[in-house]
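What the coordinates show
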Amino acid sequence: MSMIQPHGSEKLNPLFVYDTAANEALQKEAKGLKSILVSSATAANAVMLGGGYFNPLTGYMNKADALSVANNMKTASGLFWPVPILNLVKDAAGIKAGDRIALKDPNVEGNPVLAVMDVKAVEEFSDADMALMSEKVFRPRPPEAHPGVDAFNAQGKVCLSGPIKVLNFSYFQDEFPDTFRTAVEIRNEIAERGWKKVVAFQTRNPMHLAHEELCHMAMDRLGCDGLVIHMLLGKLKKGDIPAPVRDAAIRKMVELYFPKNSAMVTGYGFDMLYAGPREGVLHAIFRQNMGATHFIVGRDHAGVGDHYGPFDAQTIFDNEVPAGALKIEIFKADHTAYSKKLGKVMMMCEAPDHTKEDFVLLSGTKVREMLGKGIAPPKEFSRPEVAEILIKYYQSLEK
């Protein structure tokens, strides 16, 4: 069986310039080009385009594509796509269609050139356009503010569209050399390992026992020979555990509790959008691009606050993703926790005779408090070896 096809094309087309001489020539050329300092979101989009994750896109979308994607999840030419991929600026600073420009990285000291862009159009979204995209893509439910909408609108309303050539992977390769991987690299490793059925798991936190068991459950039920734990390495919310700590905790869990050659620990460079259901669909697309055949979508996937129902990111696949639009399949997961009655981790929906009291449930706040005091959460909640790594981190904050 050959590997799952990327989204929208026969083979993966990463936009990173792999040819060293060509890359150096572009870097040299970029010094003489008009340049703009892009937003963190635009930089993250460049990293994802560079790594092949956003295949088959060739660069940033124009106004017509962005509005079409917001309205009906496809580009003007009919490509299925859930979230506009944009380069938004407050002021185009004299840039016009036909210009070749350098995009400077806001997240690296000295703002090196991240990519070179051929500008096809410079267009402005109206306030009504911005409001429409915010509503359709993020589906915010007041009363509280939505951080994804705020970040989206803070970038500006001028849209620069056109193809890009990516020259580096921002800070991700230097800061996370063992974990950051492009879709190209993950595909290659899946092929090397000889995996045929591969399930991907998204995380931005360390994995508790329930997450670990959920991965085992998905592998067993789907008959997968491989698991790719795929960590978000980009900008997170205040209070989130830094990636190196999370990385160490997950690697320890895989080393001790997964059979050899059954799990890969990797990460990708992107900022969290907190766009709930639409982001869940984007997550599925880029997992297909990296070679996964299945993707776990859990409860409140990519959500924030109380903006979404617990299973909105699952029902979108049934109700809004056209049949055949994606080749990857979704494994729908409920909240998982340790059942005191049954002595094992269960999906809550599969234990109808249970009440909340029958499960070992701890809030994030409670867990952080325990770890800060040097107390390991119960073994029904967290592996002791994982807790040890987290205790060290939380106690270092107290000092």
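Everything below is about the structure printed above this text.
Throughout what follows, the structure given in this document is the object of discussion. (Residues numbered from 1 in each chain as written. Predicted model: local features only at pLDDT ≥ 70, side-chain atom pairs only at ≥ 80, totals over all residues. Heavy atoms only, no water.)

Observations concerning the nonpolar core
- Of all hydrophobic cores here, the largest spans 129 residues; its most connected members are Phe 54, Trp 81 and Ile 164.
- Looking at which element gives the most residues to this core, the answer is helix 8 (residues 209–222), with eight residues.
- Setting aside residues up to four positions removed in sequence, Ile 164 forms contacts with Leu 15, Ala 46, Leu 49, Thr 58, Gly 59, Tyr 60, Leu 103, Ala 115, Val 116 and Met 117.
- Leu 26, Ala 102, Val 116 and Leu 167 belong to the second-largest nonpolar core, a separate cluster that totals eight residues. (Core = buried A, V, L, I, M, F, W, Y, C linked by side-chain atoms within 4.5 Å. Buried < 20%, exposed > 50% of the residue type's maximum accessible area, 1.4 Å probe, protein only. Helix = DSSP H or I, 4+ residues; strand = E, 2+ residues; numbered from the N terminus. Contact = heavy atoms within 4.5 Å.)

Comments concerning the state of the cysteines
- As enumerated under the stated definition, the model contains zero disulfides in all.
- Free of any disulfide, Cys 215 has its nearest neighbouring cysteine sulfur in Cys 224, separated by 11 Å. (Disulfide = S-S within 2.5 Å.)

Examining the environment of Pro 14
- Checked against the element boundaries, Pro 14 lands in the segment before helix 1 (20–30).
- For Pro 14 and Asn 55, which are 41 residues apart along the polypeptide, the C-alpha to C-alpha distance reads 6.9 Å.

Side note on the packing of helix 9 (residues 243–257) against helix 13 (residues 384–398)
- As a packed pair, helix 9 and helix 13 sit with axes 8 Å apart at the nearest point and diverge in direction by 165°. In terms of axis orientation, helix 9 runs roughly antiparallel to helix 13. For helix 9 against helix 13, the interelement crossing comes out right-handed. Together, Val 245, Ala 248, Ala 249, Lys 252, Met 253, Leu 256 and Tyr 257 of helix 9 and Glu 385, Val 386, Ile 389, Leu 390 and Tyr 393 of helix 13 make up the contact between the two elements.
- Split into classes, the residues belonging to the contact of helix 9 with helix 13 amount to 10 nonpolar, no polar and two charged. (Axes fitted to C-alpha atoms, helices over the stretch in contact; angles between N-to-C directions. Parallel < 35°, antiparallel > 145°, perpendicular 65-115°, else oblique. Left-handed = near helix turned anticlockwise from the far one by under 90°. Nonpolar A, V, L, I, M, F, W, Y, C, P; charged D, E, K, R; others polar.)

Here's the deal with the layout of surface pockets
- Put simply, the largest pocket is a space of about 1500 Å³.
- Together, 46 residues line the largest pocket, and Asn 205, His 208, His 211, Arg 299 and His 335 are the ones closest to its centre.
- Put simply, the parts of the chain that give the lining of the largest pocket at least two residues each are strand 8 (198–203), helix 8, strand 13 (336–339), helix 12 (364–372) and helix 13.
- For the lining of the largest pocket, a count of residues per class yields 22 nonpolar, 14 polar and 10 charged.
- Approximately 460 Å³ is the volume found for the second largest pocket.
- Lining the second largest pocket are 26 residues, with Ala 41, Ala 151, Phe 152, Gln 155 and Leu 273 sitting closest to its centre. (1 Å grid on protein atoms, 1.4 Å probe; cavity = no way out; pocket = protein on both sides within 12 Å on 5 of 7 lines; lining within 4 Å. Points joined across faces, edges and corners; volume = space filled by probe spheres on them.)

Considering the side chain of Gln 202
- Looking at the element boundaries, Gln 202 is found in strand 8.
- Classification of Gln 202 as buried rests on a relative accessible area of 12%.
- Among the polar contacts listed, one links the side chain of Gln 202 to the side chain of Arg 287, at a separation of 2.5 Å.
- Look past the residues within four positions of Gln 202 in its chain and what remains in contact with it is His 230, Leu 232, Tyr 268, His 283, Arg 287, Phe 295 and His 301. (Polar contact = N/O pair within 3.5 Å; in protein donor to acceptor, adjacent residues only side chain to side chain.)

Re unusual backbone geometry
- Note that the residue after Asn 55, namely Pro 56, is joined by a cis bond; omega there is 5°.
- You can see Pro 56 is positioned in the loop between helix 2 (40–50) and strand 2 (59–60).
- The backbone of Asn 111 shows a phi angle near 45°, a positive value even though the residue is not glycine.
- Residue position: Asn 111 is located in the loop between strand 4 (100–104) and strand 5 (113–118).

Some thoughts on the sheet that holds strand 12 (residues 329–332)
- If you walk across this open sheet you meet the five strands as 10-9-8-11-12, and the pairing is parallel. Only two strands of the sheet have a single partner each, and these edge strands are strand 10 (263–268) and strand 12. The sheet shows a mean angle of 30° between the axes of neighbouring strands, direction not considered.
- Where strand 11 (residues 294–297) meets strand 12, four bridges bridge the pair, whose relative direction is parallel. Residue pairing in the sheet places Val 297 in a bridge with Lys 332 of strand 12.
- Strands in contact with helix 9 are strand 8, strand 9 (226–232) and strand 10; relative to strand 9, the strand with the most contacts, it is inclined by about 170°.
- Contacts from helix 10 (residues 276–289) reach strand 8, strand 9, strand 10, strand 11 and strand 12 within the one sheet, and its direction differs from that of strand 11 by about 155°. (Pairing = 2+ DSSP bridges.)

Quick look at the sheet that holds strand 15 (residues 359–360)
- The strand order 14-13-15 describes an open sheet built from three strands, whose pairing is antiparallel. Edge positions in the sheet fall to strand 14 (344–347) and strand 15, since each of these pairs with one other strand and no more.
- Relative to strand 14, strand 13 runs antiparallel, the two sharing four bridges. When the sheet's bridge partners are listed, Thr 336 is paired in strand 14 with Met 347.
- Packed onto the sheet, helix 8 meets strand 13 and strand 14 and runs at close to 70° relative to strand 14.

Section: the packing of aromatic side chains
- With the rule as written, the count across this model stands at 14 aromatic pairs.
- Ring pairing ties together the aromatic residues Phe 16, Tyr 18, Phe 169, Tyr 171, Phe 172, Phe 176 and Phe 180, which thus form one cluster.
- The aromatic ring of Tyr 257 is capped on one face by Arg 383, whose charged end is 3.4 Å from the ring centroid. (Phe/Tyr/Trp six-rings, centres within 6.5 Å; stacked < 30°, edge-to-face > 60°. Lys NZ or Arg CZ within 6 Å of the ring centre and 35° of its normal.)

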